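Here are the chains, one letter per residue:
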Amino acid sequence: MKHIRLALIGFGVVGQGFARLLSAKRNLLKQLYDLDVSLVGVANSRHGFIYREDGLDIQTLLELAETGRPLTSYPGITSWENPLEGLGAIYADVLVEATPTNLRDAEPGISHIRKALGQGMHVVTANKGPAALAATELLALARQHNVQLRMEATVMAGTPVISTIREGMSGAQVRAIRGILNGTTNYILSAMATGRDYAEVLADAQAQGYAETDPTADVEGYDAVAKTLILSALVFGRSLKPHQVARQGITNITREQIQRATDQGQRIKLIASLRLLSNNDGKESALDARVEPLALPLSDPLARVDGVMNAISVQADTLSEVTIIGPGAGGIQTGQGLLADVIACTKA
Ligand SMILES: NC(=O)c1ccc[n+]([C@@H]2O[C@H](COP(=O)([O-])OP(=O)(O)OC[C@H]3O[C@@H](n4cnc5c(N)ncnc54)[C@H](OP(=O)(O)O)[C@@H]3O)[C@@H](O)[C@H]2O)c1
C-alpha cells in the first residue's frame, strides 16, 4: 500500500468539498489504487496552518468549519499563523491549493505553489490565478524539481477536460477549442432564452448562489478569459497575456437579441475560443483567442448546453470534433478534479 500525505491550503467551498470526498472515498482509494491517503496539514486565512504528523481527522475538521470554530482548536496540532511558514516546516507529498482566484497577481496561491514545488511536493490546484497568469513558469519549476503540477479543477471543475486533451488525446494535433466555460453566464443566457430580462435573471442567479454579489468577473467574461489562458498554455503551449484574449461579456445582450436568435433557430452563448491561424505557406502562426457572445445554430453541440452546465468542443486532426459536457462548479464537483489529480500524481 502506498501512503500519501496531503497538505490542503484553502478550506472553503472547494477545500471542504475535497476533504469530504477524500473521507468518503478512503476505502475505494485503497481497493482500486492501493492508496492510503492522509491529510496532515490544513490552512485557511483566518487561522493559519495546522499540522499533525499522524494525520488529521476530516470529520473533526469539517465540524470545526461548520460551527465556525478555529482550526487551531483541533487537539494536539502544531500551528503557524502564516501558511507559507507552515508549508516550509512540514513534510507532505502533495499540496492541494484551493485559495481564492486573483487575476491581478495570482497571490496568495502562486506563492504557495512555488514554495511547495521548490520543496519537491507535487501540487494540484483549483486556483485559476496561478494557472492563468503563470502556468508556463510553474510547470517549468515542477519539471526542475521532478514533481507534477496538475490543474484539472481550474477548467470545468471535475469534468475531465485538461487530462482528456493532454493525456487522452496524446498524439492528436489540436487545431481549435470552443467552450462554454462559465456556468453563471450560461445560466443567465439560458433563462433569458425563455423570455426573461437580464436584470431579473441576474437577481435570480444571485439568490440561488449561481452568481456572486459582484458578478463582474463572470458577466464581463474575465473568468472565461482566465480559463482560455489556462487552455492556451496547457493545450497549445502558448503563454498569452489577458489583454491578448479579445473579450466581450454578456451585459449588453438584450431580450430582443435573444428572441431574434431563437426565431432564427439559434442560441446565444458566451463562447471562449482558441484557434490556430495559418500563414499563407500553411504553417501555423498566431493563436486567435476570444471570449464573446455568439449565436449558434441548434445543430452545434454547444447550442443545447443550458443552465449552469459547461461544455467544450475540441477540434483535432485525428478525431474531427470531440465534445465534453459536464458540471463546471461546486464543492464536490471541483473536489473530484482535485482528487483525480492527486491520484494521477501518485502514479508518476
Ligand atoms: N467554488 C467552485 O465551484 C469553484 C470551481 C472551480 C474552481 N474554483 C476555484 O477554487 C478556489 C477556491 O474556491 P472556493 O469556492 O472554495 O473559495 P472560498 O469558499 O472563498 O474558500 C477560499 C479558502 O481559501 C482561504 N484563504 C484565503 N486566503 C488565504 C491565504 N492567504 N492563506 C490560506 N488560506 C487562504 C479562505 O480562508 P477563510 O476560510 O479563512 O476565509 C478559504 O478557506 C478558487 O480559486 C476558485 O476560483 C472554485
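Details of the structure are given in the entry above.
Quick look at the structure, then. Since this is a predicted model, take the numbers as computed values, not measurements.

**Notes on the pattern of salt bridges**
Right, so step 1: A complete count under the given rule lists 15 salt bridges for this structure.
Right, so step 2: Between E167 and R150 there is a salt bridge, and its shortest N-O distance comes to 2.9 Å. Placement of E167 in helix α7 (residues 162–168) and of R150 in strand β7 (residues 149–150) is noted, with a sequence separation of 17 residues between them.
Right, so step 3: What makes R150 buried here is its relative accessible area of 14%.
Right, so step 4: Of the charged contacts, one joins R290 and D288 as a salt bridge, the two residues approaching to 2.9 Å between their closest N and O atoms.
Right, so step 5: Ionic contacts of the salt-bridge type, sharing partners, join the residues K128, D223 and K227 into one network.

**With respect to the sheet that holds strand β3 (residues 48–51)**
Right, so step 1: Here we have seven strands laid out as an open sheet, ordered β4-β3-β2-β1-β5-β6-β7, and mixed in their pairing. Both outer strands of the open sheet, β4 (78–80) and β7, are each paired with one neighbouring strand and no more.
Right, so step 2: In the packing of helix α1 (residues 13–24) onto the sheet, contacts are made with β1 (2–9), β2 (35–44) and β5 (94–97), and the angle to β1 comes to roughly 160°.

**Considerations on helix α9 (residues 198–207)**
Right, so step 1: Here α9 has its buried residues at Y198, V201, L202 and A205. The buried residues of α9 occupy an angular sector of 100° when projected down its axis, which confines them to one face. Residues A199 and A207 are exposed on α9 and point more than 90 degrees away from its buried face.
Right, so step 2: Contacts from the buried residues of α9 go to α8 (183–192) and α10 (216–219).
Right, so step 3: A positive backbone phi angle near 80° is found at G209, which sits one or two residues after α9.

**Thoughts on the packing of aromatic side chains**
Right, so step 1: Across all of its chains, the model carries three aromatic pairs by this definition.
Right, so step 2: Residues Y187 and Y210 carry aromatic rings whose centres are separated by 4.9 Å and whose planes lie at 55° to one another, so their mutual orientation is tilted. In this pair, Y187 sits in helix α8 while Y210 sits in the loop between α9 and α10, placing the two residues 23 residues apart along the sequence.
Right, so step 3: The class for Y210 is partly exposed, based on a relative accessible area of 35%.
Right, so step 4: Of the aromatic side chains, those joined through ring pairs into one cluster are F49, Y51 and W80.

**Looking at the packing of α1 against helix α13 (residues 331–346)**
Right, so step 1: In the contact formed by α1 and α13, the axes pass within 7 Å of each other and the chain directions differ by 65°. In this structure, α1 crosses over α13, and the sense of that crossing is right-handed. Counted together, V13, V14, G17, F18, R20, L21 and L22 of α1 and G331, I332, T334, G335, Q336, L338, L339 and V342 of α13 form the full contact between these two elements.
Right, so step 2: Of the residues in the contact of α1 with α13, the class split is nine nonpolar, five polar and one charged.

**Focus: the site of the ligand**
Right, so step 1: Lining the immediate environment of the ligand, one finds 23 residues, of which V14, R46, T99, T101 and G330 sit closest.
Right, so step 2: Between an oxygen atom of the ligand and a main-chain N or O atom of V14, the distance comes to 2.7 Å.
Right, so step 3: Measuring from an oxygen atom of the ligand, one finds a backbone N or O atom of T99 at 2.7 Å.
Right, so step 4: Alone, the ligand offers 900 Å² of accessible surface; in the complex the protein occludes 76% of this.
Right, so step 5: Class assignment for the residues of the shell around the ligand results in eleven nonpolar, ten polar and two charged.

**Notes on unusual backbone geometry**
A negative phi angle characterises most non-glycine residues, just as the trans form characterises most peptide bonds.
Right, so step 1: For the peptide bond that leads from E107 to P108, omega is 0°, which places it in the cis range.
Right, so step 2: With respect to the secondary-structure elements, P108 resides in the loop between β5 and α5 (109–118).
Right, so step 3: The backbone of D34 sits at a positive phi, close to 60°, despite the residue not being glycine.
Right, so step 4: Residue placement: D34 occurs in the loop between α2 (26–33) and β2.

Definitions and cut-offs
Residues numbered from 1 in each chain as written. Predicted model: local features only at pLDDT ≥ 70, side-chain atom pairs only at ≥ 80, totals over all residues. Heavy atoms only, no water. Salt bridge = Lys/Arg side-chain N within 4 Å of Asp/Glu carboxyl O. Helix = DSSP H or I, 4+ residues; strand = E, 2+ residues; numbered from the N terminus. Buried < 20%, exposed > 50% of the residue type's maximum accessible area, 1.4 Å probe, protein only. Pairing = 2+ DSSP bridges. Contact = heavy atoms within 4.5 Å. Axes fitted to C-alpha atoms, helices over the stretch in contact; angles between N-to-C directions. Arc of directions from axis to C-beta. Phe/Tyr/Trp six-rings, centres within 6.5 Å; stacked < 30°, edge-to-face > 60°. Left-handed = near helix turned anticlockwise from the far one by under 90°. Nonpolar A, V, L, I, M, F, W, Y, C, P; charged D, E, K, R; others polar. Near = heavy atom within 4 Å. Polar contact = N/O pair within 3.5 Å; in protein donor to acceptor, adjacent residues only side chain to side chain. Areas by Shrake-Rupley, 256 points an atom, 1.4 Å probe, with all protein chains shown as cover.

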